[in-house]
Amino acid sequence: MHRYPAISPAVVLVIAIIVFGMLNERFLNPANLSLITQQVAVVGTLAIAQTLIILTAGIDLSVGAVMVLSSMVIAQFTVQNGLPPIMGLIAGLVVALAAGALNGFLVTRLRLPPFIVTLGTLNVFVALTLLYSNGATVRGGDMPDLLTWTGTTFSVGGVNFTMGVLLMLVLYVVIAFILSQTAWGRHVYAVGDDKEAARLAGISVSRVLMSVYLAAGAILAIGAWIQIGRSNAASPNAGTDLNLDSITAVVIGGTSLFGGRGTIWGTLLGALIVGVFRNGLSLAGLDVLWQTFAVGVLIVLAVSVDQWIRKVRK
């Protein structure tokens, strides 16, 4: 399990699908499967950024807030300022990169703990979003087609997927390749496993950490685009609670909170598990509080398994 951390979430996902399929015949309907994938698209994208940061033994509580801020900038630049949609997307990317750079600067230069840094910037980004947007939602009908393109659907085997789901999967393929086949990816794992050992091996720890936060920012900008297509709107109140869901997906997916171990594909499985559990329990008629309870139990179990694996390894 230490060598292949994605085994556990894969088994959990298969069992969950079988059980929920037996409990409710509607669960395996193409329309419901389509709904699950669309719900996972946003969380799954945020979880990619979260995975990169957790692999370095950090954590980012501000991913949801950065995504929402970026989405509002994209929408406002295009609708309110009348700029071309591509300029709006670029503006959203710049804002997300700036947010990542701020987090990275505070972590690498001021040596502040990532948890405290991102807890603070979470509130900063939420406030900036509300101030910038005046609390108003920009409707999808007012936006150019390019901004809502990620919500366009296509059918595969009777199941409808959105372009946002496809874009998320492309991101997983790209990041998986980078982490496994490039020197930068190996440096990310090395820094997360032991910063001092990585420094002695000639790796610039500060540079790697800053690049990780910048990469996370770029991914969050793409998540903002997916979110706009998913909800057909840009709302300052949408997605700020996705911070914990992204962490949940990463932890359930087998990535160690202590850094240095995990795979991006495990994160995708974790995001799917969260989506399947929420959807399956909803179809079973359970209250939303019990759905949250079930996800909380999954987190505790996932961290317990991680701790056990670490002890066995030692």
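Named according to an unreviewed UniProt entry, the chain is ABC transporter permease originating from Cryobacterium algoricola. The UniProt entry for the chain carries this comment under Subcellular location (unreviewed entry): "Cell membrane".

J.: Could you clarify how one ought to interpret the side chain of T56 in this entry?
T.: Its location among the elements puts T56 in the loop between α2 (30–55) and α3 (63–79). With residues up to four places along the chain from it excluded, the contact list for T56 reads V188, G192, K195, L209 and V212.

J.: Any chance you could explain unusual backbone geometry here in plain terms?
T.: Despite not being glycine, A57 shows a phi value in the positive range, around 70 degrees. Along the chain, A57 falls in the loop between α2 and α3. Even without being a glycine, N134 presents a positive backbone phi close to 60 degrees. By relative accessible area, N134 is classed as exposed at 69%.

J.: Is there a simple way to explain the UniProt feature "transmembrane region" (unreviewed entry) in the chain in this structure?
T.: The UniProt record marks residues 6–23, 61–79, 86–106, 112–133, 154–180, 200–226, 247–277 and 289–309 with the feature "transmembrane region" (unreviewed entry), using the residue numbering of this structure. For residues 154–180, the helix share is 67%, the strand share is 26%, and the end-to-end C-alpha distance is 31 Å.

J.: Even after reading the chapter, I still don't get the environment of V212, so can you show me in this structure?
T.: In this structure, V212 sits in helix α9 (residues 205–231). Sequence spacing of V212 and W184 is 28 residues, and the spatial spacing of their C-alpha atoms is 9.6 Å.

J.: Looking at this structure, how should I read the pairing of strand β3 (residues 159–162)?
T.: The sheet contact formed by strand β2 (residues 153–156) and β3 spans 4 bridges and is antiparallel. Across the sheet, the residue bridging to S155 is N160, located in β3. The antiparallel hairpin formed by β2 and β3 contains 2 residues in its connecting segment, where G157 sits at a positive phi of about 60 degrees.

J.: What is the right way to look at the side chain of N32 in this model?
T.: Topologically, N32 is positioned in helix α2. If sequence neighbours within four positions are ignored, N32 has contacts with R26, F27, N279 and L283.

J.: Would you mind showing me how to read the packing of α2 against α3 here?
T.: Two numbers describe a pair of packed helices, the interaxial angle and the distance between the axes. Where α2 meets α3, the axes come as close as 10 Å, and the angle between the chain directions of the two elements is 120 degrees. The angle between the axes of α2 and α3 places the two elements in the oblique class. Relative to α3, the crossing made by α2 is right-handed. Residues V42, L46 and Q50 of α2 touch α3, and the partners they reach there are V63, G64 and M67. Looking at side-chain class alone, the contact of α2 with α3 contains 4 nonpolar, 2 polar and no charged residues.

J.: Help me out: how do you make sense of helix α11 (residues 264–283) in this one?
T.: The periodicity of an α-helix, 3.6 residues per turn, causes residues three or four positions apart to be oriented the same way. Over its 20 residues, α11 extends 29 Å from the first C-alpha to the last, a length consistent with the 28 Å expected when each residue adds 1.5 Å. Here α11 lies mainly inside the structure; 15 of its 20 residues are buried. Phi for G285, located one or two positions after α11, is positive at around 90 degrees.

Cut-offs used in this document
Residues numbered from 1 in each chain as written. Predicted model: local features only at pLDDT ≥ 70, side-chain atom pairs only at ≥ 80, totals over all residues. Heavy atoms only, no water. UniProt positions renumbered as here; feature names shortened; annotations may be inferred. Helix = DSSP H or I, 4+ residues; strand = E, 2+ residues; numbered from the N terminus. Contact = heavy atoms within 4.5 Å. Buried < 20%, exposed > 50% of the residue type's maximum accessible area, 1.4 Å probe, protein only. Pairing = 2+ DSSP bridges. Axes fitted to C-alpha atoms, helices over the stretch in contact; angles between N-to-C directions. Parallel < 35°, antiparallel > 145°, perpendicular 65-115°, else oblique. Left-handed = near helix turned anticlockwise from the far one by under 90°. Nonpolar A, V, L, I, M, F, W, Y, C, P; charged D, E, K, R; others polar. Expected span 1.5 Å × (residues − 1).

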